[in-house]
Amino acid sequence: AEFGQEAARRLDDICGWLNAAMSLRKPLEGAAKSWPDAAADLRQQLQSLFAPGFVAGIPEEVWPRVSLYLKAAAIRLERLPHKPQRDLDANRQIGALSSRLPGPFHPARWLLEEWRITLFAQELRANGSPTEAKIAAAIDS
C-alpha cells in the first residue's frame, strides 16, 4: 500500500513538472526572437532536466526542488524583457559552467540549478549558498 501511494505521489510530481515545462514552451519560443541566448539556455535547461532516465537520475534530496527550478525558469522568462542585459551577463556565467557538466544528472548540476534561482528568482530562496566557485569545484571533483 505504501509503495502504491509513493508511486502515485511521484507520478503526480512528474505530471506537474511536465505540465510546467509545456507551459514554458510558448513564451520561450516568443522570447527566442528577441533574446536567443536566454532562450537557448532555457531550452537546454528543460531538455537536460527531462533527459532520458530523469526519473531515476534525479536524486531523492533534489526531487522536491524540481518544481522550484521550473518556477525560477518561468520567473526568468517574465523578467527577461525588463532586464535583458542582466540576463545576458548571468547567462554567460551559467553557460561557462553548464558546458563543463559531464552529464545531465551530475551532482554539480543541482548546484547550478540552485545558482539559477539565486540569479533569476531570488525570492524562491536557493538551498545553501551556490556560487560559481562551488559549482566549478563540484565539476572538477
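Residues numbered from 1 in each chain as written. Predicted model: local features only at pLDDT ≥ 70, side-chain atom pairs only at ≥ 80, totals over all residues. Heavy atoms only, no water.

Observations regarding the pattern of salt bridges
Then comes step 1: One pass over the full model with this rule turns up 13 salt bridges.
Then comes step 2: A salt bridge links Arg-76 to Asp-87; the nearest nitrogen and oxygen atoms lie 2.8 Å apart. Pair noted here: Arg-76 is in helix H4 (residues 66–79) and Asp-87 is in helix H5 (residues 84–98), with a separation of 11 residues, a long-range link.
Then comes step 3: When the shortest N-O distance is used, the salt bridge between Arg-92 and Asp-89 registers 3.5 Å. Residue Arg-92 and its partner Asp-89 are located together in helix H5, separated by 3 residues, close to a single helical turn.
Then comes step 4: Here Arg-92 falls in the exposed class, since its relative accessible area comes to 54%.
Then comes step 5: By relative accessible area, which is 38% here, Asp-89 ends up partly exposed.
Then comes step 6: One network of salt bridges, with partners in common, ties together Asp-41, Arg-76, Asp-87, Arg-109, Glu-113 and Arg-116. (Salt bridge = Lys/Arg side-chain N within 4 Å of Asp/Glu carboxyl O. Helix = DSSP H or I, 4+ residues; strand = E, 2+ residues; numbered from the N terminus. Buried < 20%, exposed > 50% of the residue type's maximum accessible area, 1.4 Å probe, protein only.)

Regarding the nonpolar core
It is characteristic of soluble globular proteins that their nonpolar side chains tend to be buried jointly.
Then comes step 1: By size, the foremost hydrophobic cluster in this structure holds 29 residues, and its most contacted members are Trp-17, Leu-46, Phe-50, Ile-58 and Leu-70.
Then comes step 2: When residues no more than four places from it in sequence are discounted, the contact partners of Ile-58 are Trp-17, Leu-49, Trp-63, Val-66, Phe-105 and Trp-110. (Core = buried A, V, L, I, M, F, W, Y, C linked by side-chain atoms within 4.5 Å. Contact = heavy atoms within 4.5 Å.)

Comments concerning the packing of helix H2 (residues 36–49) against H4
Then comes step 1: Close contact between H2 and H4 brings their axes to 11 Å; oriented N to C, the two are set at 165°. Here H4 runs roughly antiparallel to H2, going by the angle between their axes. H4 is crossed by H2, and the crossing has left-handed handedness. Side by side, H2 and H4 meet where Ala-38, Asp-41, Leu-42, Gln-45, Leu-46 and Leu-49 of the first sit next to Tyr-69, Leu-70, Ala-73, Arg-76 and Leu-77 of the second.
Then comes step 2: Residues of the contact of H2 with H4, tallied by class, amount to 8 nonpolar, 1 polar and 2 charged. (Axes fitted to C-alpha atoms, helices over the stretch in contact; angles between N-to-C directions. Parallel < 35°, antiparallel > 145°, perpendicular 65-115°, else oblique. Left-handed = near helix turned anticlockwise from the far one by under 90°. Nonpolar A, V, L, I, M, F, W, Y, C, P; charged D, E, K, R; others polar.)

Observations concerning the confidence of the model for the protein
Then comes step 1: Mean pLDDT over the protein works out to 95, with 100% of the residues at or above the 70 mark.
Then comes step 2: The secondary-structure element of the protein with the lowest mean pLDDT is H5, recorded at 93, while H4 shows the highest, at 97. (pLDDT = per-residue confidence, 0-100.)

Re the packing of helix H1 (residues 2–34) against H2
Angle between the axes and distance between the axes: these two values describe a pair of packed helices.
Then comes step 1: Interhelical geometry of H1 versus H2 gives an angle of 155° and a closest axis separation of 7 Å. Relative to H2, H1 is oriented roughly antiparallel. Between H1 and H2 lies a crossing of left-handed hand. Counted together, Ala-21, Leu-24, Arg-25, Leu-28, Glu-29, Ala-31, Ala-32, Lys-33 and Ser-34 of H1 and Pro-36, Ala-39, Leu-42, Arg-43 and Leu-46 of H2 form the full contact between these two elements.
Then comes step 2: Residue composition of the contact of H1 with H2, grouped by class: 9 nonpolar, 1 polar and 4 charged.

Topic: H1
Then comes step 1: Counted at 1.5 Å a residue, the expected span for H1 with its 33 residues is 48 Å, and the 49 Å between its end C-alpha atoms agrees.
Then comes step 2: The axis of H1 is deflected most strongly, by about 30°, at Arg-25, and proline Pro-27 appears within four residues downstream.
Then comes step 3: When we look at burial in H1, the residues that qualify are Arg-10, Ile-14, Trp-17, Ala-21, Leu-24, Leu-28, Ala-31 and Ala-32.
Then comes step 4: On its buried face, H1 is in contact with H2, helix H3 (54–57) and H4. (Expected span 1.5 Å × (residues − 1). Bend = angle between axes of the 7 residues up to and from the residue.)

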